[in-house]
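Listed below, chain by chain, are the residues.
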Amino acid sequence: MMENVIRRITASSAGYDTLPLRIGAGVIFAAHGAQKLFGWFGGYGLQGTGEWMASIGLEPGVLMAAMAGSAEFFGGLALILGLLLRPAAVVLALTMVVAIVTVHLSNGLFMANNGYEFGLALLAVSVGLAIRGAGSASIDRLLSDRLAG
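J.: Can you tell me about the overall build of the protein, naming the residues and giving the values?
T.: A tally of helices and strands in the protein yields 7 helices and 0 strands. When its helices and strands are written in sequence order, the protein yields α-α-α-α-α-α-α. The C-alpha radius of gyration of the protein comes to 16 Å, within 12% of the 15 Å expected for a compact globule of 149 residues. Counting only residues that meet the buried cut, the protein has 36% of its 149 residues in that class. Put simply, of all contacts in the protein between residues at least 6 apart along the chain, 67% involve residues at least 24 apart. Across the protein, the centroid of the 8 positively charged side chains sits 13 Å from that of the 8 negatively charged ones.

Here you go:
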């Protein structure tokens, strides 16, 4: 039973087309998560991000910051490695929907106005990866091949 679940989650079509998407989006997500969780790369850390989230109505702020930061940091690492990519990509897509709706949508499309274009691009990549899978150069592919025989 569990083997079937893992097989379905890790199944992926052969190909290297997802590799640049996984690496690029994974680095971006992991860096943004590190800003939220650890204050790296000029971020505000968990407490500062939590206070900001509470100020825009996402309560409890520290919990929301921990959830968003963890989704981005660990989800980004999962994309880079191609490990449990589909579940990670779905969580990242949902995180982007929340970010777009709660923070960026009212500012319009363009980033110059803090709009949602960047979030939309990351949402599109996440959804595409969730549909396609990790591809040939991934831990998912190795797991899938081992489970197949």
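J.: Tell me about the side chain of Thr-18, residues and numbers included.
T.: With respect to the element layout, Thr-18 can be found in the loop between α1 (2–10) and α2 (19–38). If near-sequence neighbours (up to four positions away) are discounted, Thr-18 is found in contact with Leu-129, Arg-132, Gly-133, Ala-134 and Gly-135.

J.: Requested: an account of the pattern of salt bridges, with residues and values cited.
T.: Tallying each qualifying case throughout the model produces 3 salt bridges. One salt bridge connects Arg-132 with Asp-17, and the closest N-O pair in it is separated by 2.8 Å. Note that Arg-132 is positioned in helix α6 (residues 117–132) and Asp-17 in the loop between α1 and α2, a separation of 115 residues in sequence. Glu-72 is the salt-bridge partner of Lys-36, the closest N and O atoms lying 2.8 Å from each other. Of the two residues, Lys-36 sits in helix α2 while Glu-72 sits in helix α4 (residues 61–81), which places them 36 residues apart along the sequence. On the basis of relative accessible area, Lys-36 is assigned to the buried category, the value being 16%. Of the residues examined, Glu-72 reaches a relative accessible area of 5% and is grouped as buried.

J.: Account for unusual backbone geometry, with residues named and values stated.
T.: At the junction of Glu-59 and Pro-60, the peptide bond is cis and its omega measures out at -10° in the coordinates. Tracing the backbone shows Pro-60 in the loop between α3 (45–55) and α4. The backbone of Leu-84 sits at a positive phi, close to 50°, despite the residue not being glycine. Structurally, the position occupied by Leu-84 is in the loop between α4 and α5 (85–104). For Leu-84, a relative accessible area of 42% puts it in the partly exposed group. One non-glycine residue, Asn-114, adopts positive backbone phi at about 60°.

J.: Just give me the short version of the packing of aromatic side chains, but keep the residues and values in it.
T.: Going through the model one piece at a time under the given rule, you end up with 5 aromatic pairs. Ring centres 6.3 Å apart and planes at 90° place the aromatic pair Trp-40 and Phe-41 in the edge-to-face group. Under the relative-accessibility criterion, Phe-41 is labelled exposed at 61%.

J.: Lay out the environment of Gly-48 with the relevant residues and their values.
T.: Take Gly-48: it is sitting in helix α3. For Gly-48, a relative accessible area of 25% puts it in the partly exposed group. For the pair formed by Gly-48 and Val-90, sequence separation is 42 residues and the distance between their alpha carbons is 26 Å.

Definitions and limits used
- Residues numbered from 1 in each chain as written.
- Predicted model: local features only at pLDDT ≥ 70, side-chain atom pairs only at ≥ 80, totals over all residues.
- Heavy atoms only, no water.
- Helix = DSSP H or I, 4+ residues; strand = E, 2+ residues; numbered from the N terminus.
- Rg over C-alpha atoms; globule rule 2.2 N^0.38 Å.
- Buried < 20%, exposed > 50% of the residue type's maximum accessible area, 1.4 Å probe, protein only.
- Contact = heavy atoms within 4.5 Å.
- Lys, Arg positive; Asp, Glu negative; His and termini not counted.
- Charge placed at Lys NZ, Arg CZ, Asp CG, Glu CD.
- Salt bridge = Lys/Arg side-chain N within 4 Å of Asp/Glu carboxyl O.
- Phe/Tyr/Trp six-rings, centres within 6.5 Å; stacked < 30°, edge-to-face > 60°.

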